[in-house]
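Here is what each chain is made of, one letter per residue.
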Amino acid sequence: MTPHTDHVGHGDDAGRADPQSGAAVKAADRAHVFHSWSAQGLIDPLAVAGAEGSYFWDYDGNRYLDFSSGLVYTNIGYQHPTVVAAIQEQAGRLATFAPAFAIDVRSEAARLIAERTPGDLDKIFFTNGGAEAVENAVRMARLHTGRPKVLSAYRSYHGGTSTAINLTGDPRRWASDSGTSGVVRFWAPFLYRSPFYATTEAEECARALEHLEATIAFEGPATIAAIILETIPGTAGIMTPPPGYLAGVREICDRHGIVFVLDEVMAGFGRTGRWFAAEHFDVVPDLLTFAKGVNSGYVPLGGVAISAAIAETFATRPYPGGLTYSGHPLACAAAVATIGVMADEKVVEHAAHIGETVLGPGLRDLAARHPSVGEVRGTGVFWALDLVKDKETREPLVPYNASGEANAPMAAFAAACKKNGLWPFVNMNRTHAVPACNITEAEAKEGLAVLDLALAVADEHTV
């Protein structure tokens, strides 16, 4: 099986190979673009010619089913005509305007988001992306409480800016960790690799909450401004919290006057089969951060949804924060159109259906047949396969934060996916199945078939 060349789509370049143009794009990239999270001399970026729906293609005529949704943000796929048209219309009408003014499309985007957030999270502070949303949520929490510390979990990712990277639990933090930012980390629940020696979800939940209580006690409750959690951690492994855990954290925060922040940058806007993942757990945070799926990444946009109590703190006291492009009209137009598409086309309901009927059963079937799959986790279009050397011991297929030769088994798995026309989301010893929320059943099954082939490569590295 080789990469697909039977492109679909209406773009002029769809289905047409043009290696010469691809070489020129690649040369310019290598000469001038500095890529994130990369050793610049060791990367070989794919030159992309176009994209539509759940697919993108290169200049050599190879088409890929995108099982990564970009960076888990193209929730309605690429080039949705309704959203593209809305951006074009807004550009012709009012391309930009400063954030201090009331602009119709900005107000409408805020209203539509507030309608869908849980509880009383009815005020929206717009940012350019998720990391800035986290930065501002933490600032709000510290100013609201007058306290310095923020608790965050290991196995988490909250963004690449100064505060957000210090809150992050994964190794991307290490190079930029100041160690003096007022961040305290704790272990969140994860039964498959339990730090609490738990054997059931109930044990994992109870022991994780006890651990959090102890951490708070030793840090001093009166010094803690906020606890921030990804509702369902994304890049760190899509570990759905056990029943009762988030409600338990909510109760702890209420008891100690701590602001509860849920990071829904990746999990929000249909990804889990609900508008926000918090709905699965019947919990309302004080602050909720979002980005990515709010407009499918068509124009950069993020934000913080703010509770009434925290909004009241800044009713007569100026909030000391802002961005030049906060609530940018093009980004907000894309958000209004995206939310409209998701409602009209029942994208959220579709994501739940695909997870329940195709992705979930299909991935569990792969786990049953492949010795390299230790566990399947997820909901909606938000899934992870935990790849292992040994199902009995649960030893990861590659070591934590592996690189170079140590990461060869995962590199071979990823190469097999791409060879067969699937673009995977791979992190450490996991592959994530995170396609567009409106992926069709046929496309989802196509992706599962390629994963089946690639897992055979991973199986070669098991004991």
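The preceding data block contains the structure.
Source: prediction; values computed, not measured. (Residues numbered from 1 in each chain as written. Predicted model: local features only at pLDDT ≥ 70, side-chain atom pairs only at ≥ 80, totals over all residues. Heavy atoms only, no water.)

**Q** Please provide a residue-by-residue account of the packing of helix H4 (residues 104–116) against helix H10 (residues 329–344), values included.
**A** Two elements in contact, H4 and H10, have axes whose closest approach is 8 Å; the angle formed by their N-to-C orientations is 40°. When the axis of H4 is compared with that of H10, the two are oblique. Our pair here, H4 against H10, has a crossing hand that is left-handed. Judged by residue contacts, Val 105, Arg 106, Glu 108, Ala 109, Leu 112, Ile 113 and Arg 116 of H4 engage Pro 329, Cys 332, Ala 333, Ala 335, Val 336, Ile 339 and Ala 343 from H10. Looking at the contact of H4 with H10, its residues break down into 11 nonpolar, no polar and 3 charged. (Axes fitted to C-alpha atoms, helices over the stretch in contact; angles between N-to-C directions. Helix = DSSP H or I, 4+ residues; strand = E, 2+ residues; numbered from the N terminus. Parallel < 35°, antiparallel > 145°, perpendicular 65-115°, else oblique. Left-handed = near helix turned anticlockwise from the far one by under 90°. Contact = heavy atoms within 4.5 Å. Nonpolar A, V, L, I, M, F, W, Y, C, P; charged D, E, K, R; others polar.)

**Q** Break down the packing of aromatic side chains for me, with residues and values.
**A** For the structure shown, the criterion picks out 12 aromatic pairs. Pairing Phe 97 with Phe 101 gives two aromatic rings, centres 5.0 Å apart and planes at 85°, and the pair type is edge-to-face. Residue classification places Phe 97 among the partly exposed residues on the basis of a relative accessible area of 36%. Judged by relative accessible area, Phe 101 falls into the partly exposed class, the value being 48%. Ring centres 5.6 Å apart and planes at 75° place the aromatic pair Phe 125 and Tyr 319 in the edge-to-face group. Of the two residues, Phe 125 is situated in strand S4 (residues 123–127) and Tyr 319 in the loop between helix H9 (308–313) and H10; the sequence distance between them amounts to 194 residues. Exposure class is identical for Phe 125 and Tyr 319. Each is buried. Clustering of aromatic rings is evident, with ring pairs tying together Phe 269, Trp 275, Phe 276 and Phe 290. (Phe/Tyr/Trp six-rings, centres within 6.5 Å; stacked < 30°, edge-to-face > 60°. Buried < 20%, exposed > 50% of the residue type's maximum accessible area, 1.4 Å probe, protein only.)

**Q** So what's going on with helix H3 (residues 81–93)? Residues and values would help.
**A** For an α-helix the count is 3.6 residues per turn, leaving residues at separations of three or four pointing the same way. When the terminal C-alpha atoms of H3 are compared, their 18 Å separation across 13 residues agrees well with the 18 Å that a helix rising 1.5 Å per residue should span. Buried residues of H3: Val 83, Ala 86, Ile 87 and Gln 90, and no others. Seen along its axis, H3 keeps its buried residues to an arc of 100°; they face one direction. Turned more than 90 degrees away from the buried face of H3 sit Pro 81, Gln 88 and Gly 92, all of them exposed. The secondary structure elements touched by the buried residues of H3 are H4 and H10. (Expected span 1.5 Å × (residues − 1). Arc of directions from axis to C-beta.)

Keep in mind these values describe shape, not function.
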